[in-house]
Structures are given as C-alpha cells and as structure tokens.
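Structural overview for review
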Amino acid sequence: DTGSAAAIPINEVDIAYVTPVTVGTPPQTLMLDLDTGSSDLWVFSSLTPSSQIRGQEIYTPTKSSTSQLLNGHTWSIRYGDGSSSRGTVFTDNFTIGGLEVKSQAVQTAQEVSSSFTQEQSLDGLVGLGFSTLNTVRPSSQLTFFDNARPNLDEEVFTADLKYHATGTYDFGFIDSKKHNGTITYTPVQPSPGYWTHSLSGYSVGSGAFQSSQISGISDTGTTLLYLPTAIVTAYYRQVQGAQNSQYYGGYVFPCASTLPTFTFGIEGARFTIPASYINYTRISPTSTTCYGGLQSSSGLGINIFGDVALKAAFVVFSGTNPPRIGFAPK
Ligand SMILES: O=C(CCCl)NNC1=[NH+]CCN1
C-alpha cells in the first residue's frame, strides 16, 4: 500500500501545515497536523467542551458505526511550545491520502490549551514519532505509521514541505519526481522516541562551513529552526540592527534587513535555507520589526530542526531497522 496527501500551510507564514484525513464510517474529514515531534493522534471531538472550540471540525465517535471506546484509557500530552491536550480514546478506521488503517487509536480531546483553541484551522495532530512516546495509559498505542507499516510497499514516509505553498506527505514510497538527485541518509537514534540525528555542521551566508556534530530532532510539528546559541549569535551578527529581545522572546531585526542564507550539513551533503525563510514574520501586522526563523535552543534542552529547515529539502523518514533519515535537494 501507499498514500499521498497534501501538506497545506494554515496561515501566511507557514506556522503549521495541515493534511486532510478521514475518521470513521461514514468518513468524517478533519484537517490534522502531521507531527514527527510527537506520537499521539488526537482530535477535537464531541467530547471537547464547546468553550474550547473555535471553528475546528470535530470527530463524533457516536456517529461512526466502526468506532469503539478503548475502555479505561486516557492520555495527556504537553508539547515543546507549552501547548497541551488530554482526553479519552476510541479506535476507528483512519485514512490519510488513500492509505487506510483499521482500528487506529484516535485520541479524543476533553481539554485543549488556548493555543490549540485559537488555531481555528487545525483539528488535531497525527504523531509520527516513535510509538514509545505515545501517552495513552494504561496501554500505550501505536502511531498511524507503525500501524500502516506492515502493509506499506516501503517502510518510509516522506515530507515535502513548501515555503508559502502546499506540499505533500507520502507514505510507503519515495517519489523520485519530488527530489533532484541523491538522497543522503544519516542514522537516527530512536530513543527516547523523536527522529533524533546529527547535522554535520553549518555555514552562514558565504562563510566557511563549520564542521561540528549537532544533535537534534527533525520535527514537522515545530515551526522554526532552534540551534545552539553560539550558532544563532554568529548568524545574527551578520544582520544590521538584529537583537535578542527579552520582550519578544528571541532574535528580532528590521524587516528591511538583508539576511544571509543558512546552510546545514547532512553527512557530506549541504542544504541551504533561503534568507526569506528566516525572515519569518512581522512581530505585529503593521510593525517594521521582524522575528527570525532561526532561534536559540538554549531554553528547550534540545535542538529542533523544524519546518524552516525541513522545507529546504525533501525528507525521507525511514522506519527500517535501524531507522534512518534522508535529505535530498528539490
Ligand atoms: O512538541 C514538539 C517538540 C518536541 Cl521536543 N514538537 N511537536 C509539536 N506539536 C505541537 C507543537 N510542537
């Protein structure tokens, strides 16, 4: 089997990408954020208080002839950005891009934090991290990828995220039309459950490449690129008027600034993030101050290769044994 579905930016700065999925019988369509930085599949639902819903589509298990309550099971998750949700669990038929998993654990939200309520075009998440991170108790549940894996033509899924445009998630195959040339693979450390791997180094603009092993996670559910402070300061030193703002919680700069590109290494390959991706957003609609797409990871305890980096490549998440991740130009 294979599947292929759109990755649609939910706003004009690509804060997150959503993918149409169907749950239940007859199919209920939701727009979910496929998130390689977590491993819970949860949805806004008929069990979510209406005070916490603002325009999201919901899953109503009682309207599905194939739903089953997973009795006595609950979940609760907090994400790296401080957002959170919790609730109960059903199993039901679940499809992404024509690829169906019967009896997928679908976690129904009974509470979501304010940032999820405010994100009107996001109806939930599909965790594509390793199932060891799943928070359902007393028995943890498998991700959509782990459930689909035995039926996939190839034990992979790929992410082709795009800047200010719709991209694709593919399951079970590598579409050679989506990348130019070689896919460079590097080992993944599957513990504790993120797609953890190293960069081989970086360069700022036309500067010399700095070889250094930078460990972090490739995370489609995180918007920006978070790297060690030393790298980030070296980048913004090249930007006139840039400063690390306590007030805005990161590096800001005049929107008219000329930003350098940022290049990261995967083994011997090099991937350059255009300056436009790093000129992320105005701090408010009429401001001439802009917030950077490259920020320090020092507050996170982990480096995160989020969408700002991933959209500069075609990325292969390979569930082979041992797992690995591949990057190709596109
Ligand atoms: O939580 C993380 C970072 C893990 Cl270190 N990524 N996934 C996500 N989903 C919603 C916000 N962020």
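Counting from 1, residues in each chain are numbered in the order their sequence is written. With the structure being a predicted model, the display of local features is reserved for residues of pLDDT at least 70 and the display and counting of side-chain atom pairs for 80 or more, all residues being used for whole-chain, interface and lining totals. The side-chain numbers reported here are obtained from all heavy atoms of the structure, hydrogens and water having been left aside.

1. A look at the overall build of the protein
- Per the convention used, a helix needs a DSSP run of H or I reaching at least four residues, while a strand needs a run of E reaching at least two, with both numbered from the N terminus. On a plain count of helices and strands, the protein comes out with five helices and 24 strands.
- Relative to its length of 330 residues, the protein is compact, with a C-alpha radius of gyration of 20 Å against a globular reference of 20 Å.
- Throughout, a residue-residue contact means that at least one pair of heavy atoms, one from each residue, lies within 4.5 Å. Contacts in the protein between residues far apart in sequence, at least 24 positions, make up 65% of those at least 6 positions apart.
- This count recognises Lys and Arg as positive and Asp and Glu as negative, with His and chain-terminal groups excluded. Every charge is mapped onto a representative atom, which is NZ of Lys, CZ of Arg, CG of Asp or CD of Glu. The distance from the centre of the 16 positive side-chain charges to the centre of the 23 negative ones in the protein is 5 Å. Values of the radius of gyration come from C-alpha atoms, whereas the globule rule sets the reference at 2.2 Å times the count of residues to the power 0.38.

2. Concerning the pairing of strand E23 (residues 314–318)
- E23 sits mainly inside the fold: five of its five residues count as buried.
- As paired elements, E23 and strand E24 (residues 324–328) share five bridges and run antiparallel to each other. Within E24, the residue paired with Val315 across the bridge is Phe327.
- Any two strands with at least two DSSP bridges between them are considered paired. Hairpin connection from E23 to E24: five residues lie between these consecutive antiparallel strands. We call a residue buried when its accessible area falls under 20% of the maximum for its residue type, exposed when it is over 50%, and partly exposed in between, using a 1.4 Å probe and counting protein chains only.

3. With respect to the domain arrangement of the protein
- Here the domain parsing of the protein yields domain 1 (3–171) and domain 2 (179–328).
- For the domains described, the bounds stem from an automatic or database domain assignment. For domain 1 versus domain 2, the distance between C-alpha centres works out to 25 Å.
- Across the boundary between the two partners, domain 1 contributes 28 residues, which contact 27 residues of domain 2.
- Put simply, buried area is how much 1.4 Å-probe accessible surface two parts lose in total, over both of them, once they are put together. Surface buried jointly by domain 1 and domain 2 totals about 2200 Å² across both partners, of which 56% is contributed by carbon and sulfur atoms.

4. Some details on the side chain of Asp307
- Relative to the elements of secondary structure, Asp307 occurs in helix H5 (residues 307–310).
- No salt bridge forms around the buried Asp307; measuring N to O, its nearest opposite-charge neighbour Lys311 is 6.4 Å away.
- For Asp307, the contacting residues outside a window of four places in its chain are Asp14, Ile15, Tyr17, Leu161, Asp219, Thr220, Gly221, Thr222, Thr223 and Leu224. One side-chain nitrogen of Lys or Arg within 4 Å of one carboxyl oxygen of Asp or Glu is enough to make a salt bridge.

5. Some points on the site of the ligand
- The cutoff for a nearby residue is simple: one of its non-hydrogen atoms must lie within 4 Å of the molecule or strand. By nearness alone, every residue bordering the ligand is listed as Asp35, Gly37, Tyr79, Gly80, Asp81, Leu125, Tyr194, Ile217, Asp219, Gly221 and Thr222.
- Asp35 is positioned with one of its side-chain polar atoms (N or O) 2.9 Å from a nitrogen atom of the ligand.
- Here the accessible surface of atoms and residues is derived via Shrake-Rupley with a 1.4 Å probe, and residues count as covered only by protein chains that are part of the display. Compared with its free state, where it exposes 350 Å², the ligand has 91% of that area covered by protein.
- The nonpolar class holds Ala, Val, Leu, Ile, Met, Phe, Trp, Tyr, Cys and Pro. Asp, Glu, Lys and Arg form the charged class, and all remaining residues, Gly among them, are polar. Residues belonging to the shell around the ligand are distributed by class as follows: four nonpolar, four polar and three charged.
- The residues that make up the shell around the ligand include at least three from each of domain 1 (3–171) and domain 2 (179–328). In the analysis that follows, any N or O atom pair within 3.5 Å is treated as a polar contact, provided that within protein one partner can donate a hydrogen and the other can accept it, and provided that, for residues neighboring in sequence, both atoms belong to side chains.

6. With respect to the nonpolar core
- Membership of the largest hydrophobic core comes to 71 residues, with the highest contact counts inside it found for Phe94, Phe171, Leu227, Phe262 and Ile273.
- The element best represented in this core is helix H3 (residues 229–236), accounting for four residues.
- Viewed by domain, this core spans two of them, domain 1 (3–171) and domain 2 (179–328), each represented by three or more residues.
- Not counting residues within four places of it along the chain, the set of residues in contact with Phe171 comprises Asp1, Thr2, Gly3, Leu34, Ile96, Leu99, Leu128, Phe144, Phe145, Leu152, Val156 and Phe157. Nonpolar cores are built from buried Ala, Val, Leu, Ile, Met, Phe, Trp, Tyr and Cys residues. Side-chain atoms within 4.5 Å join them into one set.

7. A short note on the state of the cysteines
- Note on disulfides: each one is a pair of cysteine sulfur atoms within 2.5 Å. With the rule as written, the count across this model stands at one disulfide.
- One disulfide in the model links Cys255 with Cys290; its S-S distance is 2.1 Å. Between Cys255 and Cys290 the sulfur-sulfur dihedral comes to about 100 degrees; the bridge is accordingly right-handed. Here Cys290 lies in strand E20 (residues 289–292) and Cys255 lies in the loop between strand E16 (250–254) and strand E17 (262–266), a separation of 35 residues in the sequence.

8. Things to note about the pattern of salt bridges
- Evaluation of the coordinates by the stated rule reveals 10 salt bridges.
- Close ionic contact of Arg86 with Glu111 constitutes a salt bridge, the shortest N to O distance being 2.9 Å. Residue Arg86 is located in strand E6 (residues 84–96), and its partner Glu111 is located in strand E7 (residues 99–112); the two are separated by 25 residues in the primary sequence.
- Judged by its relative accessible area of 36%, Arg86 is partly exposed.

9. With respect to the environment of Thr184
- Following the sequence through the fold, Thr184 ends up in strand E11 (residues 184–187).
- Each C-alpha atom, one on Thr184 and one on Gly326, is 5.2 Å from the other, the two residues being 142 residues apart in sequence.
- Residues contacting Thr184, with those up to four places away along its chain left out, are Ile266, Glu267, Ala269, Ile325, Gly326 and Phe327.

10. Examining the sheet that holds strand E18 (residues 269–273)
- Pairing in this open sheet of seven strands is mixed, and the strands run E18-E17-E12-E13-E22-E14-E21 from one edge to the other. Whereas interior strands pair on both sides, the edge strands pair on one side only; in this sheet they are E18 and strand E21 (294–296). Within the sheet, the average angular offset between the axes of one strand and its neighbour, ignoring direction, is 45 degrees.
- Across three bridges, strand E14 (residues 225–227) lies against E21 in parallel orientation. Directly across from Leu225, in E21, lies its bridge partner Leu294. Here an angle of 0 to 180 degrees is reported between the N-to-C directions of two axes, which are lines fitted to C-alpha atoms, with helices fitted over the stretch in contact.

11. Here's the deal with the sheet that holds E20
- Here four strands make up an open sheet; going across it, the order is E15-E16-E20-E19 and the pairing antiparallel. Sheet topology places strand E15 (243–245) and strand E19 (279–282) at the edges, where each strand pairs with a single neighbour. Taken pair by pair, the neighbouring strands of this sheet meet at an average axis angle of 45 degrees, ignoring direction.
- The pairing of E19 with E20 spans three bridges and is antiparallel.

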